[in-house]
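Here's the letter readout for the chains.
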Amino acid sequence: MSNFTENNPFSLDKLRSTLIRLEDTIIFALIERAQFALNNCIYTKGALEFNGATGDRSFLEYFLWETEKVHAKVRRYTSPDEYAFTSPLPEPILPVLKFKEFLAPNDINVNGSIMDIYVKSIVPVICQDRDDNNYGSSATKDIECLQALSRRIHYGKFIAESKFRSSSEEYIKLALANDRNGIYELLTNRQVEEKLLERLRRKALVYGQTFDQEKEGQNSHLRVPVNVVVELYERWVIPLTKEVEVDYLIERGQKAAEGQQKQDS
Ligand SMILES: C=C(O[C@@H]1C=C(C(=O)O)C=C[C@H]1O)C(=O)O
């Protein structure tokens, strides 16, 4: 049941349908990356293969940073249905830095950045550990994965705004007490999470099929292991999305209380 009229961009049902669509984007992005070898040198800082062109960064870090610089120059404001580094929502707006925090190689946030998690625990499992020289293609597919993951995680801002509008008094009270755990519990919907993980398992199983008749029925020939996709969400995507929601709701609640005080004075 949506919590607003259907034409409202903050309908929780509508926002959740965008997250469901992003599941497909992320699974297919992982499948696309898995067609190339690991090419470990693209994750190695200052790897000799790149003759110093990337300075003390890895090829992927360098490639991502340069890509983001181009995007940052051309990015205009977007609606909640499109990708946005900063939220079109009323104040507060999570700073663009949030994206960088998640991707910065030396990120201190939540057990390491999305890039650290992706490079250390996702790519080595979905790609064969060898070098096929497809460095540019591999990094391009990595960036598509990282951007889809970041888009999904930062969508937590819009989900948080929707929840705030449904229960603003409760969130304001918790925000004024800086009660992050209280906000985390209030925003958590375990039924939605369990349903999501089950749907993800089914999608990874179907999308990952190579339809190679000789191997019919052998899970080993899946293009991406099902448990990798499910664990990615269970261990990282969902917790990081909720971190974004909590960050947003703390600021949103405190600023709303300030606004109320100004009105009352
Ligand atoms: C995104 C939401 O907020 C939380 C995070 C979820 C997720 O990251 O998949 C799912 C349910 C909630 O615990 C939501 O309520 O839909």
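What comes next concerns the included structure. Keep in mind that this is a model prediction, so the values were computed, not measured. (Residues numbered from 1 in each chain as written. Predicted model: local features only at pLDDT ≥ 70, side-chain atom pairs only at ≥ 80, totals over all residues. Heavy atoms only, no water.)

**Quick look at the nonpolar core**
- Among the nonpolar cores identified, the biggest contains 49 residues, and Leu30, Ile42, Leu60, Tyr118, Ile126, Leu232 and Tyr233 are the most heavily contacted of them.
- Elements with a minimum of two residues in this core: helix H1 (12–33), helix H2 (59–74), helix H4 (114–126), helix H5 (135–154), helix H9 (190–207) and helix H10 (226–264).
- Looking at this core element by element, the count peaks at 11 residues for H10.
- Sequence-distant contacts of Tyr233, that is, excluding residues within four places in its chain, are made with Leu22, Glu23, Ile26, Arg152, Leu196, Leu197, Leu200, Ile238 and Pro239. (Core = buried A, V, L, I, M, F, W, Y, C linked by side-chain atoms within 4.5 Å. Buried < 20%, exposed > 50% of the residue type's maximum accessible area, 1.4 Å probe, protein only. Helix = DSSP H or I, 4+ residues; strand = E, 2+ residues; numbered from the N terminus. Contact = heavy atoms within 4.5 Å.)

**Some thoughts on the layout of surface pockets**
- As a volume, the largest pocket reaches approximately 420 Å³.
- Around the largest pocket, the lining comprises 21 residues; the ones closest to its centre are Arg16, Leu19, Val192, Glu193 and Leu196.
- Looking at the lining of the largest pocket, the elements that each hand over two or more residues are H1, helix H6 (156–166), H9 and H10.
- Sorting elements by how many residues they give to the lining of the largest pocket places H9 first, with six residues.
- Split by residue class, the lining of the largest pocket holds seven nonpolar, four polar and 10 charged. (1 Å grid on protein atoms, 1.4 Å probe; cavity = no way out; pocket = protein on both sides within 12 Å on 5 of 7 lines; lining within 4 Å. Points joined across faces, edges and corners; volume = space filled by probe spheres on them. Nonpolar A, V, L, I, M, F, W, Y, C, P; charged D, E, K, R; others polar.)

**What about the site of the ligand?**
- The environment of the ligand is made up of 15 residues, and the closest members are Arg16, Arg152, Lys163, Glu193 and Glu245.
- The contact in question runs from an oxygen atom of the ligand to an N or O atom on the backbone of Asn189, over 2.8 Å.
- Between the ligand and Glu193, the relevant distance is 2.5 Å, taken from an oxygen atom to a side-chain nitrogen or oxygen of the residue.
- Against a free-state accessible area of 360 Å², the protein chains account for coverage of 99% of the ligand.
- At the level of elements, H1, H6, H9 and H10 are the ones that each hand at least two residues to the shell around the ligand.
- The element that contributes the greatest number of residues to the shell around the ligand is H10, accounting for four residues.
- When grouped by side-chain class, the residues that make up the shell around the ligand number six nonpolar, three polar and six charged. (Near = heavy atom within 4 Å. Polar contact = N/O pair within 3.5 Å; in protein donor to acceptor, adjacent residues only side chain to side chain. Areas by Shrake-Rupley, 256 points an atom, 1.4 Å probe, with all protein chains shown as cover.)

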